[in-house]
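Here's the letter readout for the chains.
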Amino acid sequence: SQQGEEDPQALSIQEGENATMNCSYKTSINNLQWYRQNSGRGLVHLILIRSNEREKHSGRLRVTLDTSKKSSSLLITASRAADTASYFCATANSGGGADGLTFGKGTHLIIQP
Amino acid sequence: DAGVIQSPRHEVTEMGQEVTLRCKPISGHNSLFWYRQTMMRGLELLIYFNNNVPIDDSGMPEDRFSAKMPNASFSTLKIQPSEPRDSAVYFCASSPPLPGGPGNEQFFGPGTRLTVL
């Protein structure tokens, strides 16, 4: 089963509004990452937050991490039509030195003009 | 840098045929990953290599799937024989050496859309 589970599966908002997506996971992690995928394209890395961090910002993106609840959220402020895409969280599990990430099934975000 | 390069971008083949997908990772990256994406199952990790050595192939669905990385700049994913249920988008991704701890940022190629009739 997927380590990361995004919520909601789909989200439609008006341009200019804020969009919040959530991710839950099951095991201990080294870091958690968010990726964006535009239709027909590969995934693009957005932001990485380590297990000892609680919040991180990058431009209009804000990511929080709560390791006690095994959850993360991605906030996109002042959304734009170009933000329309699918957003995935991915976890890097701690221990073992493995490089692989485990991806959730994504949240499909639609920004309506 | 051109990013991760995958070929072909689209492949349509008939059931039973051999399919070979190709990937050129970003120069200097030492980890390479093959993923498969479908609507039903999402993004699945098939196999990954570190320094050209296969580390984890537990995601490879069947013996019909095989992957190689003969050198640091080239990898192939082969399906033989192909079946309709193999239809999906196959992504290759690479990541640079880890600064410390597992799970570095991954850089994805544009994918190969495979259709098996």
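Up top you'll find the structure we're talking about.
Asks: Any chance you could explain the pattern of salt bridges here in plain terms?
Replies: One side chain can pair with another of opposite charge once the charged atoms of both are near each other. A complete count under the given rule lists 11 salt bridges over all chains for this structure. The partner of A:Arg62 in a salt bridge is A:Glu55, with the nearest N and O atoms 3.1 Å apart. The class of A:Arg62 is partly exposed, set by a relative accessible area of 30%. Salt-bridge contacts for B:Asp86 lead to B:Arg64; the nearest nitrogen and oxygen are separated by 2.7 Å. In this pair, B:Asp86 is assigned in the loop between β8 (74-79) and β9 (88-95) and B:Arg64 in the loop between β6 (53-56) and β7 (65-71), connecting sequence segments 22 residues apart.

Asks: I'm lost on the sheet that holds strand β7 (residues 61-66) of chain A in this one. Help?
Replies: Sheets are built from strands paired through backbone hydrogen bonds, the pairs being either parallel or antiparallel. Residue and element names in this part refer to chain A. Spatially, the five strands line up as an open sheet ordered β1-β3-β8-β7-β6, and their pairing is antiparallel. The open sheet has two edge strands with one neighbour each: β1 (5-7) and β6 (55-58). Shown here is a sheet whose adjacent strand axes are inclined to one another by a mean of 20°, direction ignored. As defined by bridge partners, β6 adjoins β7 across four bridges and the pair is classed as antiparallel. Within β7, the position partnered with Lys56 by the bridge is Val63.

What counts and what doesn't
- Residues numbered from 1 in each chain as written.
- Chains lettered and ligands numbered in written order.
- Predicted model: local features only at pLDDT ≥ 70, side-chain atom pairs only at ≥ 80, totals over all residues.
- Heavy atoms only, no water.
- Salt bridge = Lys/Arg side-chain N within 4 Å of Asp/Glu carboxyl O.
- Buried < 20%, exposed > 50% of the residue type's maximum accessible area, 1.4 Å probe, protein only.
- Helix = DSSP H or I, 4+ residues; strand = E, 2+ residues; numbered from the N terminus.
- Pairing = 2+ DSSP bridges.
- Axes fitted to C-alpha atoms, helices over the stretch in contact; angles between N-to-C directions.

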